[in-house]
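# Overview (structure and organization)
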Amino acid sequence: MYTKRLSCILPGNMHYHAHIEINPKGYLRVHLVEVDQTYEAAFKDLRFERHGTLPSIVCCEFAKPPQKDWHVYLSVNDARALIHSMVEASEEYEALMRDL
């Protein structure tokens, strides 16, 4: 069981570099390199939203009704890659737990 990693350049004027770690246990970590800021969340607290043409990953942890704790805009291709990696990580973890 391995942590999957993605690196991407965020859309917008700043062109921040983001390093994303997808932990098969169901956790995501996003590190924005230029501002040395890290966001973490469980998969269950995440959702994807679209703002115009830009998708974003949104964390709505501990809030009732849901409020945005943090969000990061992504390119369409990076959002697709992230969703695919999260699904793969979840399936990998479930397969491992079934084998045990």
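Source: prediction; values computed, not measured.

Reading the values: the criteria
Residues numbered from 1 in each chain as written. Predicted model: local features only at pLDDT ≥ 70, side-chain atom pairs only at ≥ 80, totals over all residues. Heavy atoms only, no water. Helix = DSSP H or I, 4+ residues; strand = E, 2+ residues; numbered from the N terminus. Rg over C-alpha atoms; globule rule 2.2 N^0.38 Å. Buried < 20%, exposed > 50% of the residue type's maximum accessible area, 1.4 Å probe, protein only. Contact = heavy atoms within 4.5 Å. Salt bridge = Lys/Arg side-chain N within 4 Å of Asp/Glu carboxyl O. Expected span 1.5 Å × (residues − 1).

## Focus on the overall build of the chain
A count of helices and strands for the chain gives one helix and seven strands. For the chain, the α and β elements follow one another from N to C terminus as β-β-β-β-β-β-β-α. Its C-alpha atoms give the chain a radius of gyration of 14 Å, within 12% of the compact-globule value 13 Å for 100 residues. Taking the principal axes of its C-alpha atoms as reference, the chain extends roughly 45 × 30 × 25 Å. Residue burial in the chain is summarised as follows: out of 100 residues, 32% are buried. If you take every contact in the chain between residues at least 6 apart in sequence, the share linking residues at least 24 apart comes to 30%.

## Let's talk about the pattern of salt bridges
A full pass over the atoms with the stated rule returns six salt bridges. With a shortest N-O distance of 4.0 Å, Lys4 and Glu88 are connected by a salt bridge. Taken together, the residues Lys4 in strand S1 (residues 4-9) and Glu88 in helix H1 (residues 76-99) connect sequence positions 84 residues apart. A relative accessible area of 21% places Lys4 in the partly exposed class. Note on Glu88: relative accessible area 35%, which makes it partly exposed. Between Arg47 and Glu49 there is a salt bridge, with the nearest N and O atoms lying 2.7 Å from each other.

## Some words on H1
An ideal rise of 1.5 Å per residue puts 34 Å on 24 residues; H1 measures up with 35 Å between its terminal C-alpha atoms. Along H1, the positions that sit buried rather than exposed are Ala79, Leu82, Ser85, Met86 and Ala89. Residues of H1 that are buried in the fold lie against S1, strand S2 (17-23), strand S3 (27-32), strand S5 (46-51) and strand S6 (54-59).

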